[in-house]
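# Geometric and topological summary
Here are the chains, one letter per residue:
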Amino acid sequence: MTVNAFFSNGRASALIAIVLTGLFLAASPATQAETTQKTYASFNAAATKLLGRMTLDEKVGQMCQPDQSALKDPADIEKYFLGSLLSGGGSGPKNKADYNLKGWTDMVDGYQRHALKTRLGIPLIYGVDAVHGHNNIPGAVVFPHNIGLGCSGNAMLVEKIEQITAEEVRATGINWVFGPCVAVPRDVRWGRTYEGYSENPDLVKVLGAAAVRGFQGSHLADPHSVVACAKHYLGDGGTAYGSAKGTDNRKLDQGDTRCDEATLRSIHLPGYIAALESGVGTIMPSYSSWNGQKCSGQKHLLTEVLKQELGFDGFLISDYNAIDGIEGSNNDYKKSVELAINAGMDMVMLTDKYALFCKDLKELVGEGKVSMARVDDAATRILRVKLAMGLLDENRSPLADRSLQKTFGSAAHRAVARQAVRESLVLLKNEKRTLPLAKTAQRIHVAGAGADDLGMQCGGWTIDWQGSMGNHIPGGTSILTAIKNTASARTEVTYSNDGQGAEGADVGVVVIGEKPYAEFFGDSADLVLAKENFATLTNMKKTGIPLVVVLLTGRPVILGDIPAQSDALLAAWLPGSEGQGVADLLFGDFKPTGKLSHSWPRSISQLPLNAGDKNYDPLFPLGYGLSY
Ligand code: BGC
């Protein structure tokens, strides 16, 4: 059953909320996840036994996660008994020529071999941001970003997507993903809006749970499964505009969420509760603060709420260098380590400070500032997850199963992504029956920077951290190519980036939107598209032909006169590598079913804008979406 069938097109937001809540109880999982929080606890005896053989250096090493790109020497894995490594955004093989499936797999296996050489041979748990497919690796299928999946409302589909992602990740020897992002973005000026599913906590809950089931499979020890990581705990999507500190573009990212605990819990916690119930193995505390104090140092949130009250038995991984400068540390790193570990952080993600981290933590134990019991608890939690994954099983190799590479980026995987694209599109306007397009048109003129640009179509977190413009995503189909594939052989499809030369065409398709960005680089003060988008639209409009505008954006943007200039308007979000899904809908092979997972503002002054607000008056309400 899909959630979207239950969205309402009406403006009664309260009704939407009630209907959504009712539906989520009915959404049934495709896989019966056998991994629960009890699974981790069941490995307690085995973990404690192993822990009994470990030195303090070995325990502390388990708690340390450097970015592989910052390792001074791969042998440091042995020297510091590192328990984990990560590839942050775009952190892959150093040599450009190796930045491919084989190169990535060789790199990860190489590190794993170092871990196997340590005294106890405890394998690495290796993390990556596979946030819309295994998006760092050329040739992987790139799925729509979560905002689009939120509009699909299809939990079964989300589960399938993450199953595929897990398989592609495992094909490279990686066994842990930093997803799903169960943020509830409440102000769409936030540059991470697209990483979350919706402004609606109930929708986040049902899709976040589905994603965990997809990643972790029916069983964490399944060789096709990866450990999931719900992030960023807690309230990352609720930061106040202007509360973010930074010399850059930051307005909201890593800022401060200012509300009482009841509000924090009701909006931002449900996604974590659902992830916990689905057996999530790891959770990432947020860079952001709650009422002026960084979440990474809040014992109440990390230990009292998550571990004690909610029974989380996996482990906490800090965000990238997020413990640095915690309140009370006076920017002294050792003090930050003390505060974060005592708050309940179990593993610390960092760049090149691993030697310092290990030294500081050992000293803190010696000085009695961090108890041995806390270190034992953290290491036990990490070992339990590794045991549940089967990583410590002597009969299994932690190296990549390269037979999985046969289906990496396969047609079958792409077919699921194409379905996801179709289901994520939201039709905002359709006058004079402009859509669906006639396959027999004599000429269709396609225009706009996004029409033939896979980089723009995929957005941030694609090959690189920030993503980039250009057609460097092998195996993908641009919207222009998809239109050519779908129109009849007699139809001439012409293209110009700026919209020149459209005169005389039967119809125009203008693909405009935001350039790729990630995290704080994407925070925006005005949410207005760059000038060239409007110039293209004006050039097309001058010709007098009917216009379909396709928006490639990570969030609802301020549209200005775009709706007035267009006959049909389609929000495509950041659909990923399978542009064919857009053409499927444009030509009517499938009908639009997507419904807005965010309220669409009329003007910037309305923000933050969310269903249920007093005087709620959006341009398009939460749950809005037309069909043919
Ligand atoms: C982001 C996380 C991500 C981590 C590792 C951070 O900058 O906030 O979402 O998982 O980097 O790449």
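Model, not experiment: these values are computed from the prediction. (Residues numbered from 1 in each chain as written. Predicted model: local features only at pLDDT ≥ 70, side-chain atom pairs only at ≥ 80, totals over all residues. Heavy atoms only, no water.)

### Examining the site of the ligand
Applied cut-off: One heavy atom suffices: a residue is near a molecule or strand as soon as one of its heavy atoms comes within 4 Å of it. Pairs of N or O atoms are called polar contacts if they sit within 3.5 Å, as long as, within protein, a hydrogen donor faces a hydrogen acceptor (for residues adjacent in sequence, only side-chain-to-side-chain pairs). In short, Shrake-Rupley with a 1.4 Å probe defines the accessible areas, and a residue's cover is counted only from the protein chains shown. Using a 1 Å grid laid over the protein atoms alone, points where a 1.4 Å probe fits but cannot get out form a cavity; open sets with protein on both sides within 12 Å along at least 5 of 7 lines form a pocket; any residue with an atom within 4 Å of a point counts as lining. Molecules are considered to sit inside a cavity or pocket once more than half of their atoms lie within 2 Å of its grid points.
Of all residues adjacent to the ligand, which total 14 residues, the nearest are Asp129, Arg192, His232, Asp319 and Glu519. The contact in question runs from an oxygen atom of the ligand to an N or O atom on the side chain of His232, over 2.7 Å. With respect to the ligand, the side chain of Tyr287 contributes an N or O atom lying 3.4 Å from an oxygen atom. Contact with the protein chains covers 97% of the free accessible surface of the ligand, which is 310 Å². The cavity where the ligand resides is the largest pocket.

### Regarding the sheet that holds strand β5 (residues 229-233)
The condition is simple: Two strands make a pair as long as DSSP finds a minimum of two bridges between them. For helices the rule is a DSSP run of H or I covering at least 4 residues; for strands it is a run of E covering at least 2, with both sets numbered from the N terminus onward. The contact criterion used throughout is that any non-hydrogen atoms of two residues lie within 4.5 Å. A fitted line through C-alpha atoms serves as each axis, taken over the contacting stretch for helices, and the angle formed by two N-to-C directions is quoted from 0 to 180°.
An order of β5-β7-β10 is seen for the three strands of this open sheet, with the pairing classed as parallel. A strand with exactly one partner marks an edge of an open sheet, and here the two such strands are β5 and β10 (315-316). Where strand β7 (residues 282-285) lies against β10, two bridges are found, and the strand directions are parallel. Its bridge partner lying in β10, Ile283 is registered against Leu316. Across the sheet, helix α11 (residues 270-277) touches β5 and β7, and the angle it forms with β5 is around 160°.

### Points about the pattern of salt bridges
For clarity, the threshold we go by: Every case where a carboxyl oxygen of Asp or Glu lies within 4 Å of a side-chain nitrogen of Lys or Arg is listed as a salt bridge. Accessible area is worked out with a 1.4 Å probe on protein chains only. A residue is then buried under 20% of its type maximum, exposed over 50%, and partly exposed in between.
The final tally for this structure, using the stated rule, is 36 salt bridges. Close ionic contact of Asp106 with Arg402 constitutes a salt bridge, the shortest N to O distance being 2.8 Å. Remark: Arg402 occurs in the loop between α15 (372-388) and α16 (411-424) and Asp106 occurs in helix α6 (residues 101-116); sequence separation between them is 296 residues. Exposure remark for Asp106: the relative accessible area of 31% places this residue in the partly exposed category.

### Points about the sheet that holds strand β8 (residues 289-290)
With respect to topology, three strands assemble into an open sheet ordered β6-β8-β9, the strand pairing being mixed. Lying at the two open borders of the sheet, with one neighbouring strand each, are β6 (256-257) and β9 (293-294). Summarising the sheet, β8 and β9 pair through two bridges and their orientation is antiparallel. Along β9, the bridge assignment pairs Trp290 with Gln293.

### Quick look at the pairing of β7
Residues Thr282 and Met284 point to one face of β7 and Ile283 and Pro285 to the other, with burial holding for every one of them. In this structure, β5 lies alongside β7, joined through four bridges in parallel fashion. Its bridge partner lying in β7, Tyr233 is registered against Pro285.

### Details of the packing of aromatic side chains
As a reminder, the rule being used: Here a Phe, Tyr or Trp ring, Trp counted by its six-membered ring, pairs with any other such ring whose centre lies within 6.5 Å, and the pair is stacked when the planes are under 30 degrees apart, edge-to-face when over 60, and tilted otherwise. Any Lys NZ or Arg CZ that is within 6 Å of a ring centre and within 35 degrees of that ring's normal is treated as a charge sitting over the ring.
Within the structure shown, the criterion is met by 13 aromatic pairs. With centroids separated by 5.8 Å and ring planes inclined at 40°, the aromatic side chains of Trp573 and Trp600 adopt a geometry described as tilted. Linking Trp573 in the loop between β17 (568-571) and α21 (580-586) with Trp600 in the segment after α21, this pair joins segments that are 27 residues apart in sequence. Each of the two residues, Trp573 as well as Trp600, counts as buried. Among the aromatic residues, those joined into a ring-pair cluster are Trp573, Trp600, Phe620 and Tyr624. The aromatic ring of Tyr99 is capped on one face by Lys96, whose charged end is 5.2 Å from the ring centroid. Directly above the ring of Tyr333 sits Lys353, whose terminal nitrogen or CZ lies 4.7 Å from the centroid.

### Quick word on the domain arrangement of the protein chain
For clarity, the cut-off: Each domain's extent is set by a domain assignment, obtained either automatically or from a database. Accessible-area loss on putting two parts together, using a 1.4 Å probe and summing over both, is the definition of buried area adopted here. All residues other than Ala, Val, Leu, Ile, Met, Phe, Trp, Tyr, Cys, Pro, Asp, Glu, Lys and Arg, Gly among them, are scored as polar; the first ten of these are nonpolar and the last four charged.
Segmenting the protein chain into domains produces domain 1 (3-26 + 425-606) and domain 2 (37-67 + 127-407). Centre-to-centre separation of domain 1 and domain 2, based on C-alpha positions: 32 Å. Together, the buried faces of domain 1 and domain 2 total about 3,500 Å²; carbon and sulfur atoms form 56% of this surface. The largest share of the area that domain 1 buries against domain 2 comes from Trp461, Asp523 and His598, three residues that together contribute 22% of it. Applying the counting rule to domain 1 against domain 2 returns one salt bridge. Among the ionic pairs, Arg192 bridges to Glu519, the shortest N-O distance being 3.4 Å. Our count for the contact surface shared by domain 1 and domain 2 stands at 29 residue pairs in polar contact (both at pLDDT 80 or more). Take the side of domain 1 that touches domain 2: its biggest share by element is four residues, from helix α1 (residues 13-26). Of the residues belonging to the side of domain 1 that touches domain 2, the class tally is 24 nonpolar, 14 polar and five charged.

### A word on the side chain of Lys386
Note the cut-off: The sign given to each residue is positive for Lys and Arg and negative for Asp and Glu; His and the chain ends receive no count.
Secondary-structure assignment places Lys386 in helix α15. Buried and unpaired, Lys386 has Glu58 as its nearest opposite-charge partner, separated by 12 Å. One polar contact links the side chain of Lys386 to the main-chain carbonyl oxygen of Pro123, over a distance of 2.7 Å.

### Quick notes on the side chain of Glu338
For Glu338, the location among the structural elements is in helix α13 (residues 333-343). Sequence-distant contacts of Glu338, that is, excluding residues within four places in its chain, are made with Leu364, Lys369 and Val370.

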